[in-house]
Amino acid sequence: MDSMANTDDEVNKYLREAEEFRRERQYTKALSAIDKALAIKPTEPRYLYLKGGIYGALDMHQKALECYDKVIEVAPRNLSAYRNRAIACTNLKQYKDALESYETAIKISGKDGRTHIGRVRTLANLRQYRNALDACVEALKKFPGNHDLLSLKVIYLLELKRDEEALECSQKVIEINPVKLSTYFIRGETLTKLGRLDEAIEMYNKIIEREESAKVYYLKALALDKQKKLEEALECFDKVITLRPHNRIALRNKARCLKELKRYPEALDCVEEAFRLCPDDAVNFHRKASLLLELTRYPEVLGCCQTASNLNLIDHKLSYSQLTALEHLKQWEECIEFCQDRHESGSRLHVERIASEYAEKMIV
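Reading the values: the criteria
- Residues numbered from 1 in each chain as written.
- Predicted model: local features only at pLDDT ≥ 70, side-chain atom pairs only at ≥ 80, totals over all residues.
- Heavy atoms only, no water.
- Helix = DSSP H or I, 4+ residues; strand = E, 2+ residues; numbered from the N terminus.
- Rg over C-alpha atoms; globule rule 2.2 N^0.38 Å.
- Buried < 20%, exposed > 50% of the residue type's maximum accessible area, 1.4 Å probe, protein only.
- Contact = heavy atoms within 4.5 Å.
- Areas by Shrake-Rupley, 256 points an atom, 1.4 Å probe, with all protein chains shown as cover.
- Lys, Arg positive; Asp, Glu negative; His and termini not counted.
- Charge placed at Lys NZ, Arg CZ, Asp CG, Glu CD.
- Core = buried A, V, L, I, M, F, W, Y, C linked by side-chain atoms within 4.5 Å.
- Salt bridge = Lys/Arg side-chain N within 4 Å of Asp/Glu carboxyl O.
- Expected span 1.5 Å × (residues − 1).
- Arc of directions from axis to C-beta.
- pLDDT = per-residue confidence, 0-100.

All right, on to the overall build of the chain then. The helix and strand tally for the chain stands at 21 helices and 0 strands. Relative to the globule expectation of 21 Å for 364 residues, the C-alpha radius of gyration of the chain, 29 Å, shows a markedly less compact shape. When each of the 364 residues of the chain is scored for burial, the buried share is 45%. Taking the intrachain contacts of the chain between residues at least 6 apart in sequence as the baseline, contacts between residues at least 24 apart amount to 46%. With an accessible surface of roughly 20,100 Å², the chain has 49% of that area assigned to carbon and sulfur atoms. Computing the positive centroid from 60 side-chain charges and the negative centroid from 58, the chain places the two 4 Å apart.

So, on to the nonpolar core. Tyr204, Ile207, Val216, Phe237, Phe285 and Val301 are the most contacted members of the largest nonpolar core, which totals 60 residues. When residues of this core are assigned to their parent elements, the largest contribution, 8 residues, is made by helix H13 (residues 214-226). Residues in contact with Phe237, not counting those within four places in the same chain, are Tyr218, Ala221, Leu222, Ala250, Asn253, Lys254 and Cys257. With 26 residues, the next largest nonpolar core counts Ala18, Ala30, Ala33 and Leu79 among its residues.

Inspection of every chain in the model, using the stated rule, returns 22 salt bridges. Two residues, Lys13 and Glu17, come together in a salt bridge whose shortest N-O distance is 3.2 Å. Taken together, the residues span about one helical turn, with Lys13 and Glu17 both in helix H1 (residues 2-23) at a distance of 4 residues. When its relative accessible area of 27% is taken as the criterion, Glu17 is described as partly exposed. Salt bridges sharing common partners tie together Asp225, Lys228, Arg256 and Glu260.

Following the sequence through the fold, Ala98 ends up in helix H6 (residues 95-108). Excluding its chain neighbours within four sequence positions, the residues that come into contact with Ala98 are Ala86, Cys89, Thr90 and Thr122.

Our next topic: helix H8 (residues 129-142). The end-to-end C-alpha distance of H8, which contains 14 residues, comes to 20 Å, matching closely the 20 Å that a straight helix rising 1.5 Å per residue would cover. Within H8 the residues assigned to the buried category are Tyr129, Ala132, Leu133, Ala135, Cys136, Ala139 and Leu140. On an axial view of H8, the arc spanned by its buried residues comes to 165°, and they lie on one face. Residues of H8 that are buried in the fold lie against helix H7 (113-125) and helix H9 (147-159).

The backbone of Lys161 sits at a positive phi, close to 65°, despite the residue not being glycine. Note on Lys161: relative accessible area 62%, which makes it exposed. Notably, Lys262 is not glycine yet its phi reads approximately 60°, a positive angle. Secondary-structure assignment places Lys262 in the loop between helix H15 (248-260) and helix H16 (264-277). Residue class for Lys262 comes out exposed when judged on its relative accessible area of 62%.

Its place among the elements puts His61 in helix H4 (residues 61-74). The exposure class assigned to His61 is buried, which follows from its relative accessible area of 14%. Sequence-distant contacts of His61, that is, excluding residues within four places in its chain, are made with Gly56, Ala88, Asn91 and Leu92.

Among the secondary structure elements, Thr192 is positioned in helix H11 (residues 181-193). Each residue touching Thr192, except ones within four places of it in the same chain, is listed here: Leu197, Ala200, Tyr204, Ala223 and Lys226.

Given a rise of 1.5 Å per residue, 13 residues ought to cover 18 Å, and the 18 Å separating the end C-alpha atoms of helix H19 (residues 316-328) matches this to within 8%. Considered for burial, the residues of H19 that qualify are Leu318, Ser319, Ser321, Gln322, Leu323, Thr324, Ala325 and Leu326.

Per-chain confidence: the chain averages 89 in pLDDT, with 92% of residues scoring 70 or above. When the elements of the chain are averaged for pLDDT, helix H21 (residues 348-363) gives the smallest value, 56, and helix H14 (residues 230-243) the largest, 97. The low-confidence segment residues 345-350, where pLDDT is below 50, has 4 contacts with residues more than four positions distant or belonging to other chains.

See the structure below:
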């Protein structure tokens, strides 16, 4: 008896240490402690479950999955193990397995809202938006007024092009939780999608009054951009970049606005900054080439297109920039060769006609 009591004391000591280290985010030490507990009781579900959680915190999702599978082997009706198994599968992009785990968890107990939300999200991950919406509506019967489920319902209504229903639902989300900022984001994005841009901007301004973030300035910038209020959009993109300097998408969009305003050198600076963050961004190559064309820097356009080609990033827009630069440089032989190499730009007859035109220019 004393020996058993001593063993339990020792195991509980390791368990407390593991939980303490986990709270302090000292995950390596937490794993070491829980492994000591499992060396004594290798099939104890609580310890295996905790180990799975530690692996999850370390983004070691395959190992987390293995832990939850062991829990289920010894405790086949453990709801939390199935739910966390589903989360591990989701992180591994094994969505069908995740869905199966969520559905098993719901059979064990349909009273856990998080499990229903997980199932709904997983159906959406599988691109089954109609099924996701149906599951959402069904779950809302059990959890009426659930903020997360209503928010997801808005998203899936938008995916299914049921925009007016999405707008109505987004208003319900705000009424249920007028304090939570995410509700205003959902409403603002819905209004933007419906083209009700003044209302969307007003919603984003309400968010900004409470809390500035890169996300809200980015969404506001996109709405202003759609209204062709480019100077105001630029101010918002600048806010995004100040709050999140490594946001290359904001830099890219800022460059596009500057180009529309014919502020080409500033736009080119933005593109170069975006390249520093992501050297193989296909959109950036197109944008840089088009800006260099506007600045009549034709040899640099060809250099830009060659770099993109080396990275297998050439598309029809870059091809257009390359051909235009060759024309301006009067490199007719290269123009002919370029056309003959790119049949996808049109029919063979069309390509032959263009090549013939370049041949005539060579004679002239």
